[in-house]
Amino acid sequence: QSQEVSQVRIDYHAALQALQEHGTRMVCSGKMHTDRICRFDYLCYCTEAEEFVFFHGNSSVMLPNLGPRRFQPALLDLSSVEDHNTQYFNFLELPAAALKFMPKPVFVPDVTLIMNRFNPDNLMHIFHDDLLPIFYTMQQYSDLDDEARLVFMEGWGEGAHFDLYRLLSSKQPLLKEQLRNFGKLMCFTKSYVGLSKMTTWYQYGFVQPQGPKANILVSGNEVRQFAKTMMERMNVTREDRPEDDYIVVFSRSINRLILNEAELILALAQEFQMRTVTVSLEDQSFASVVQVISGASMLISMHGAQLVASLFLPRGAAVVELFPYAVNPEHYTPYKTLASLPGMDLQYAAWRNTIMENSVTYPERPWDQGGISHLEKEEQGRILASQEVPRHLCCRNPEWLFRIYQDTMVDIPSFLATLRRTVQIKPNGKKAKAASTVHPGRVREPKCQTSVQAANEAKLTVSWQIPWNLKYLKVREVKYEVWIQEQGENTYMPYILPHQNYTFSENIKPFTTYLVWVRCIFNKSLLGPFADVLLCKT
Ligand code: UDP
């Protein structure tokens, strides 16, 4: 299978001649290595040296031309995880003339996306770091279409969910280890290197404790569009049976267990008068998990990568994340952040076990499954006595691993109390529609008129026309915001107004210049831009 890369579509002799004469061409986007994606003609890869090669020929282009800054620290990040020092991309340089002395290159005719998967054994990483970024990198470059070839250079095997990567293009993705099968030198006719980071919402704590990214650029809409496409490609169709509301418990059967799952399920069914089912990655295909989740009113799960599947929940559904003893939910929020993306339209609640006796620990396990018996006695004692894991960096903090791999007996009364306080099961949740995200345009023809009433009394009338796009929209609530600032002052007075004009008299002084800004607001939160500032002299 791996050798299916066909050479029939390209004229070998012509390709070789083009490479020898013209050399490699590279044009990139992005100012920094962390936001850069590069497009290449004739980027080559030497499988023996495990190095990419840029051949300098008569038509070579290298933009940006960074000189040695190309190594400070790298040309670009190969994975979507920002500035991770195991994920850098660079290439070696050679004169095209050197090709005469090298093994005959094998040309890859497909348009290729070359990148690293970050952790293809973990579902959260698969979706957040790979699938979504690949999906939207492909949308950014129109020749990365359904026929594009993905090449994974991180060096791992297929991993636990390779089928999901296969959904992104009709061609079989290539792994680094398979490149050897093509020979000693392969040349990608057209390729893109690197991944868009635009869709990621979480940083894993390599330089500061984990948390939402500082500047999230993705909304629920893009996540849902991605989810819709993935479901289509998995042949999952949501049966529309609106009267059939049900709850899903996502169970882990290897570790981080819910010890009283049956009791929990019974309590849920009773409390919400709904069918309650379980899904698990151990007993069923991922597609069938998605099928069930995509129709659920509520998803309950232990903290863990499987919760990324909540991106397949219907709008209006609730996500309930359970945390083992001594783990503070606010410190680990990848799934909360996902559920809270604007337009994701999911409710989110966290429940935390606060009863130590309801927890089962595994101090004897290997360190990567949370064991602590390899630590000094004193440190073990400190960890066992601690009631909360202090904030920490990724990825090997033993106290964190010890606590997160506990099994938990969920205290039903406190769990139900959390649910009653935080989630509302909407019977018609499944039919929830996306809220409008259309923002107002600028208000038009803003004007001010002034008059002086008396030595210490003046009026300022501001008026404007509705934004141009409003006449084509049905908006529940249209309001306007006016900011008034006395020239030279550094504070301003904000006003929210329902109509298109208003006369201000309080705090308006005669013979004073005011700066006035006006903008429109739809439905309380959709802010438009301010119109050009008005200079109003009383
Ligand atoms: N996993 C699972 N059931 C289990 C334990 C793990 O399905 O009982 C899956 C989990 O969803 C993830 C992968 O195995 O995709 C790795 O799990 P790990 O505990 O290492 O990571 P975490 O879930 O904490 O991110």
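Up top you'll find the structure we're talking about.
The model shown is predicted, which means the values in this text are computed figures rather than measured ones. (Residues numbered from 1 in each chain as written. Predicted model: local features only at pLDDT ≥ 70, side-chain atom pairs only at ≥ 80, totals over all residues. Heavy atoms only, no water.)

**A look at the state of the cysteines**
Here is step 1: Applying the stated criterion across every chain, the model contains 4 disulfides.
Here is step 2: Shown here is the disulfide that connects C28 with C38, its sulfur atoms set 2.0 Å apart. Between C28 and C38, the S-S torsion sits near 100 degrees, and that sign places the bridge as right-handed. With C28 in strand β1 (residues 25-29) and C38 in strand β2 (residues 37-46), this pair connects stretches of sequence that are 10 residues apart. Per residue, the accessibility class of C28 equals that of C38, and both read buried.
Here is step 3: In this model, C448 is linked to C536 through a disulfide, with the two sulfur atoms separated by 2.2 Å. Handedness of the C448-C536 disulfide follows from its S-S torsion of about -110 degrees: it is left-handed. (Disulfide = S-S within 2.5 Å. Helix = DSSP H or I, 4+ residues; strand = E, 2+ residues; numbered from the N terminus. Buried < 20%, exposed > 50% of the residue type's maximum accessible area, 1.4 Å probe, protein only.)

**Some thoughts on unusual backbone geometry**
Keep in mind that most residues, glycine aside, have a negative phi and that most peptide bonds are trans.
Here is step 1: Cis geometry marks the peptide bond from L63 to P64, where omega comes out at 5 degrees.
Here is step 2: With respect to the helices, strands and loops of the structure, P64 is situated in the loop between β4 (61-63) and β5 (76-77).
Here is step 3: Here the bond from C394 into C395 is cis, since omega is 0 degrees, no more than 30 degrees from zero.
Here is step 4: Note on placement: C395 falls in the loop between α9 (377-385) and α10 (398-404).
Here is step 5: Phi at A326 is positive, roughly 75 degrees, even though this residue is not glycine.
Here is step 6: Position of A326 relative to the elements: it lies in the loop between β17 (318-323) and α8 (334-340).
Here is step 7: Of note in the backbone geometry, N523 takes a positive phi value of approximately 45 degrees without being a glycine.

**Section: the sheet that holds strand β16 (residues 298-302)**
Here is step 1: Sheet architecture is open: 5 strands sit in the order β15-β14-β16-β17-β18, paired in parallel fashion. Two strands bound the open sheet, and with one partner strand each, they are β15 (275-279) and β18 (347-352). On average, each strand axis in the sheet is inclined to that of its neighbour by 20 degrees, with strand direction left out of account.
Here is step 2: With 5 bridges joining them, strand β14 (residues 246-250) and β15 adopt parallel strand pairing. Residue pairing across strands places Y246 opposite R275, the latter belonging to β15.
Here is step 3: Sitting on the sheet, helix α11 (residues 412-422) is in contact with β16, β17 and β18, with an inclination near 155 degrees to β18. (Pairing = 2+ DSSP bridges. Axes fitted to C-alpha atoms, helices over the stretch in contact; angles between N-to-C directions. Contact = heavy atoms within 4.5 Å.)

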